[in-house]
Amino acid sequence: MANTPFVEAKTHYERFGVNVEEAFQKLSTIPISVHCWQGDDITGFEVTKRELSGGIDVTGNYPGKARNGEELRADLDKALSLIPGTHRVNLHAIYAETDGEEVDRDAIEPKHFKRWVDWAKEKGIGLDFNPTVFAHPKAEDGLTLSHPDPEIRTFWINHCKASRKIAAYFGEELGTPSLVNIWVPDGYKDTPSDRLTPRKRLKESLDEIFSEEYDESLVLDAVESKLFGIGSEAYVVGSHEFYLSYAQQNNKLCLLDSGHFHPTETISNKLSSLLLFNEKVALHVSRPVRWDSDHVVTFDDELKEIAHEIIRADAHERVNIGLDFFDASINRVAAWTIGTRNTVKALLYALLEPTNHLKELQEQGNFTERLALLEEFKTYPFGAIWDEYCQRQQVPVKESWLNDIKEYEENVQSKRV
């Protein structure tokens, strides 16, 4: 074999027992759940268009936003064609396609997602799901599943039940379990006089939602916490402690969102603890900038540390990795491409670490050599390995994918007026 940059780079890693070919094989089996809502700024396809709420906002007005299911799926097709590996797509309930019929969220059915399933079958990918418990008149005061009004609680309970039914439909049709994740914005702007009662109501609502059991071959249930939000600065009903306890008591997945904790907390530091006590864990990987601002994922230290924790724990089959960012200031297909390629890249970076050797050094108390190697590996010729992986996966190498985006924007997105 010719002495290419890849071959030369490979020899550096092999000196420490890293099998690059095995890393490629393992990486190809790890799916990332790509969130559909980056493509249309969380607008959705409901007949009645509603303003975002629940502390969620999208900034920017870059042209070419997807306006319907056909356009959104076309944009996802383009993004997925530029990302190495076979991945998944994560849907929100507001992406139901009802052909102009007004269908409220407690009445959505599997038939409203048939086009998504047909598309996923054609691509050979799985679908995940989320009830949309925000941007609705019954969520305008900031409370949903913990609302003191039983009628409002019942509406959202029924919406979440309908969402689980749709996820089961995905699992049946696509042959892979659909992760259905429940996040609600419930909380108070100022210090509450009673923290317990809303949490009791949330628990009771969740118990009712999960009263119908689905086989894990069809549905994986997850619950997602948050520290604070716009309009819920002082108190969030679904805190990390609440959902962690609920998930463990009820055999559900605890989903960690990288933007939903205190700015000095990192989800990478939480993963090993959760993996020790839970069979599976779910993630929403984002990039918070001072708060839960959901910036496009970059190849930064925390992303690499998340990947390291997954690989070091040999937990790539136990951690469901999803993305959650939305940026309307740049080309939306490029945002997907950048964020997802970076997540795959971080996993490859972690797979190329001599994990067993570094663990042994730590157990021996040889912190000098451990730190030295960790630092030296930061400048190992990783780029040549990544380029080879992209080439083998038949996606563009380096920044050449930008040409595809520019052509797609000129020929497709720019014509959306």
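Located above this text is the structure these notes cover.
Residues numbered from 1 in each chain as written. Predicted model: local features only at pLDDT ≥ 70, side-chain atom pairs only at ≥ 80, totals over all residues. Heavy atoms only, no water.

A. Here's a closer look at the packing of aromatic side chains. Considering all chains together, one arrives at 22 aromatic pairs under this definition. Residues Tyr 188 and Tyr 235 carry aromatic rings whose centres are separated by 5.8 Å and whose planes lie at 15 degrees to one another, so their mutual orientation is stacked. Of this pair, Tyr 188 sits in strand 5 (residues 187–188) while Tyr 235 sits in strand 7 (residues 235–236); the two residues are 47 residues apart in sequence, bridging distant segments of the chain. For Tyr 188, a relative accessible area of 28% gives the class partly exposed. (Phe/Tyr/Trp six-rings, centres within 6.5 Å; stacked < 30°, edge-to-face > 60°. Helix = DSSP H or I, 4+ residues; strand = E, 2+ residues; numbered from the N terminus. Buried < 20%, exposed > 50% of the residue type's maximum accessible area, 1.4 Å probe, protein only.)

B. Structural context of the side chain of His 260. Note on placement: His 260 falls in the loop between strand 8 (253–257) and helix 8 (268–277). On the accessibility criterion, His 260 (6% relative accessible area) is buried. Only 3.3 Å separates the side chain of His 260 from the side chain of Glu 224, close enough to count as a polar contact. If near-sequence neighbours (up to four positions away) are discounted, His 260 is found in contact with Trp 183, Glu 224, Ser 225, Lys 226, Leu 227 and Asp 292. (Polar contact = N/O pair within 3.5 Å; in protein donor to acceptor, adjacent residues only side chain to side chain. Contact = heavy atoms within 4.5 Å.)

C. Main features of the environment of His 240. Of note, His 240 is situated in helix 7 (residues 240–250). Of the residues examined, His 240 reaches a relative accessible area of 15% and is grouped as buried. For the pair His 240 and Asp 190, spaced 50 residues apart in sequence, the C-alpha separation works out to 19 Å. Contact partners of His 240, with chain neighbours within four places excluded, come to Ser 225, Cys 254, Leu 256 and Phe 261.

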